[in-house]
Amino acid sequence: MKRHLLEAADLDRADATLVLDTAGQIESALAGREVKKLPTLRGRTVVNLFYEDSTRTRISFELAAKRLSADVINFSAKGSSVSKGESLKDTALTLEAMGSDAIVIRHQASGAPHRLARWVKGSVVNAGDGTHEHPTQALLDAYTIRQRLGRLDGVRVAIVGDVLHSRVARSNVWLLTTLGAEVTLVAPPTLLPVGVGSWPVAVSYDLDAVLPKVDVVMMLRVQAERMNASFFPSAREYSRRYGLDGRRMAVLPDDAIVMHPGPMNRGMEIAAEVADSARSTIVDQVGNGVSVRMAVLYLLLGGAPEGTT
Amino acid sequence: MTTYLIKNAKPYGEDAVDLLLADGVITAVGTDLSADGAQVVEAAGLIALPGLVDLHTHLREPGREDAETVETGSRAAALGGFTAVHAMANTDPVADTAGVVEQVWRLGQEAGLVDVVPVGAVTVGLRGERLAELGAMADSAARVRVFSDDGHCVADPALMRRALEYVKALDGVVAQHAEEPRLTVGAQMNEGDRSARLGLVGWPAAAEEAVIARDVLLARHVGARLHVCHVSTAGSVEILRWAKSRGVQVTAEVTPHHLLLTDECAETYDPVFKVNPPLRTDADVRALRAGLADGTIDAVATDHAPHAVEDKESEWASARPGMLGLEQALSIVVQTMVEPGLLDWRGVADRMSVRPAAIGRLADRGPDSHGRPLAVGEPANLLLLDPTHRATVDPAALASRSRNSPYAGRELPGRVVATFLRGTATVMDGKAQK
Ligand SMILES: [Zn+2]
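Residues numbered from 1 in each chain as written. Chains lettered and ligands numbered in written order. Predicted model: local features only at pLDDT ≥ 70, side-chain atom pairs only at ≥ 80, totals over all residues. Heavy atoms only, no water.

Engineer: Even after reading the chapter, I still don't get the domain arrangement of chain B, so can you show me in this structure?
Structural biologist: Accessible area lost when the parts come together is the quantity often used to give the size of an interface. Residue and element names in this part refer to chain B. Once the domains are mapped, chain B shows domain 1 (4–47 + 377–432) and domain 2 (51–368). Just the C-alpha atoms count here: the centres of domain 1 and domain 2 sit 25 Å apart. Each side of the interface is counted separately: domain 1 has 37 residues, and domain 2 has 49 residues. Of all residues in domain 1, Arg401, Asn404 and Tyr407 give up the largest surface area on contact with domain 2, accounting jointly for 20% of the area buried on that side. Between Arg422 and Asp115 there is a salt bridge; the shortest N-O distance is 2.7 Å. Elements that contribute at least two residues to the side of domain 1 that touches domain 2 include exactly strand 16 (382–392), strand 17 (411–421), strand 18 (424–428) and strand 19 (431–432). Split into classes, the residues belonging to the side of domain 1 that touches domain 2 amount to 19 nonpolar, 10 polar and eight charged. (Domains from an automatic or database assignment. Contact = heavy atoms within 4.5 Å. Buried area = accessible area lost by both parts, 1.4 Å probe. Salt bridge = Lys/Arg side-chain N within 4 Å of Asp/Glu carboxyl O. Helix = DSSP H or I, 4+ residues; strand = E, 2+ residues; numbered from the N terminus. Nonpolar A, V, L, I, M, F, W, Y, C, P; charged D, E, K, R; others polar.)

Engineer: Quick question: what am I supposed to make of the coordination of the zinc ion here?
Structural biologist: Around a metal, the perfect tetrahedron of four donors has angles of 109.5 degrees, and the perfect octahedron of six donors has angles of 90 or 180 degrees. All names here are of chain B. For the zinc ion, the full set of protein donor atoms is Asp150 (OD), His177 (ND1) and His230 (NE2), and the range of their distances to it is 1.9 to 2.3 Å. Each donor residue of the zinc ion lies on one chain, and together they are spaced D-x26-H-x52-H. Of this pair, His177 sits in the loop between strand 10 (173–176) and strand 11 (189–190) while His230 sits in the loop between strand 13 (226–228) and helix 7 (234–245), and the two are 53 residues apart along the sequence. Looking at His177, the relative accessible area reads 2%, which means it is buried. Overall, the relative accessible area of 1% leaves His230 in the buried class. (Donors = N, O, S within 2.8 Å, 3.2 Å for Na, K, Ca; no water. Buried < 20%, exposed > 50% of the residue type's maximum accessible area, 1.4 Å probe, protein only.)

Engineer: What is the right way to look at the sheet that holds strand 3 (residues 102–107) of chain A in this model?
Structural biologist: Residues and elements named next belong to chain A. Read across the open sheet, the four strands follow the order 2-1-3-4; overall the sheet is parallel. On the outer flanks of this sheet lie strand 2 (71–76) and strand 4 (123–129), each paired with one strand and no other. Averaged over all pairs of adjacent strands, the angle between their axes in this sheet comes to 15°, without regard to strand direction. Direction of pairing for strand 1 (residues 45–50) relative to strand 2: parallel, over a ladder of six bridges. Across the sheet, residue Val46 finds its bridge partner in strand 2, namely Val72. Those strands touched by helix 4 (residues 112–119) are strand 3 and strand 4, and its axis lies near 165° from that of strand 4. (Pairing = 2+ DSSP bridges. Axes fitted to C-alpha atoms, helices over the stretch in contact; angles between N-to-C directions.)

Written out as structure tokens, the structure is:
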């Protein structure tokens, strides 16, 4: 495993499998315990450096670090020195001077974690950068698929929605294909990047044609405001053509699952009856997120978790 | 004034001769020249070229003297072998009045390292709404002939048409920064395979090509001269080739960085590679080199764009676009055009001196002319180049006040040993003389 986790595109099959296996070991080590905590990262400091509001991702990382007994500092860029114009570099060097061992960064600019990794000595974990990547989301998605379907090799995954603006989609494309899955992107052409043809995926504009032939449907969040820039004519038309409702869910193969990275726009890309159905893994994904992030921090910062080998 | 006797230089890389420079003029060219009291410059193995002319620099003064000044930019230019540079109008205040262009021109004269030729803004404040007083700038001491809103496109087609028409009376030219603004909102890099992966907003080639296509048609319609700044795509070269074949009075420039670098550089997310128009693909680079070789593209222009550290040491999206170019321009042309056999030294002189001087109307200014041949009676504007020298670019060693060189750590061929501006050495032994 490298020193940083900057993008899923960086992970080879062995590294990615190691993260998933480690997450599984951590989960079993904690199963049935009253105190859900391992002493592995005692004395280490993890900084959550968040330039975007994302309570769920921040809490997930915070919980992961705390369950490994690390000290956690939450640094929100809002209302701090950053909003007074301090540069990312100055902020990072300050945090490191205070003794941080790892920086978990969420930033609205694609590539911000890559810049950070050049300036600091500690580890950098990308918790979502602009429209580039969100590697731990892809890792937890892969973990969830493996948990539900028992495998990743040959699994047929449709990723549906705003691929153009989605870091979740990019990370999943690289990670899932690295792990042997067959990925189909489904979206209106306006929401696919020019250049998608060079990705190792199939592309379709027709959700109905794809659904009967997949094991996993991953619905991406679509912001209704995109219609103002003519990415699609209206929220209603989008949802009619690309939304997953009960009728569409019915054509899925029997054991197919429905995923969503959250937060959902119920009624837009996903209907309530789908989100709350037995096929939905949305709640599992949240729980698995903590295990996978524990595995990432453990592997980057070192140390053997108790009860694992 | 020092008289220089240059011994055994090879004009345009051809047979070695001696050149005598006196009173600002080349007074003799021949073998075994001698002159009492002349300072002898041993130039065996060195190539003599006419002083380079840049159609496109950003000297940042007035307004951003922390990034560059007319003086520091002039020094960088002289070290690069230039004797004249056009200073773009996007300063603060904008060079949209006779007062500002005269100020820039005077600062250039005071620095005395190159002739700084101000470019006038096309529209007031570069806002693209109404014409600036183009005639007043043309009639000023700065004698402006090139007008540009560079940094911004003159996007309004009616305004562009009027600008093209109006400058005909001034023997001027509109230099267009071709970028359809509605197609490049938030754009960060070339739109293609790499932008898709990197998650950076794409700048489509069509946003440049659409404006060039429109403008060559307008120039043809009104019978005016058009110059296209920093052409960056294969499609643009095709459109220019078509327009020239139809007799449209259009000229175009390409930057050194677009001749050498591709959008692969963006993969580091290091904003030193962020530039507008963006670095394109290998296929574009090949088409640009071919276009420069066959003359479809008339000139190499640096688009030298100094930026302070804080404007570059950041996330990609919040960094300012632009890169340094003056000190390495000739080396890049040697590497990308001369060494592969696409251009000979006459061709280099043509694309970096003769044609840019003609476009800027600098070739016919008597003793103040640029882009003239290396011949007796001509102004003594020339450079001596060691084509065999190779060195690694160290941004800290540059004369520019800024450090945003995309060539840091690259080994490049060619070293400007000396530059003469009207017979005065501005560079000698590779060092600026003031
Ligand atoms: Zn420009």
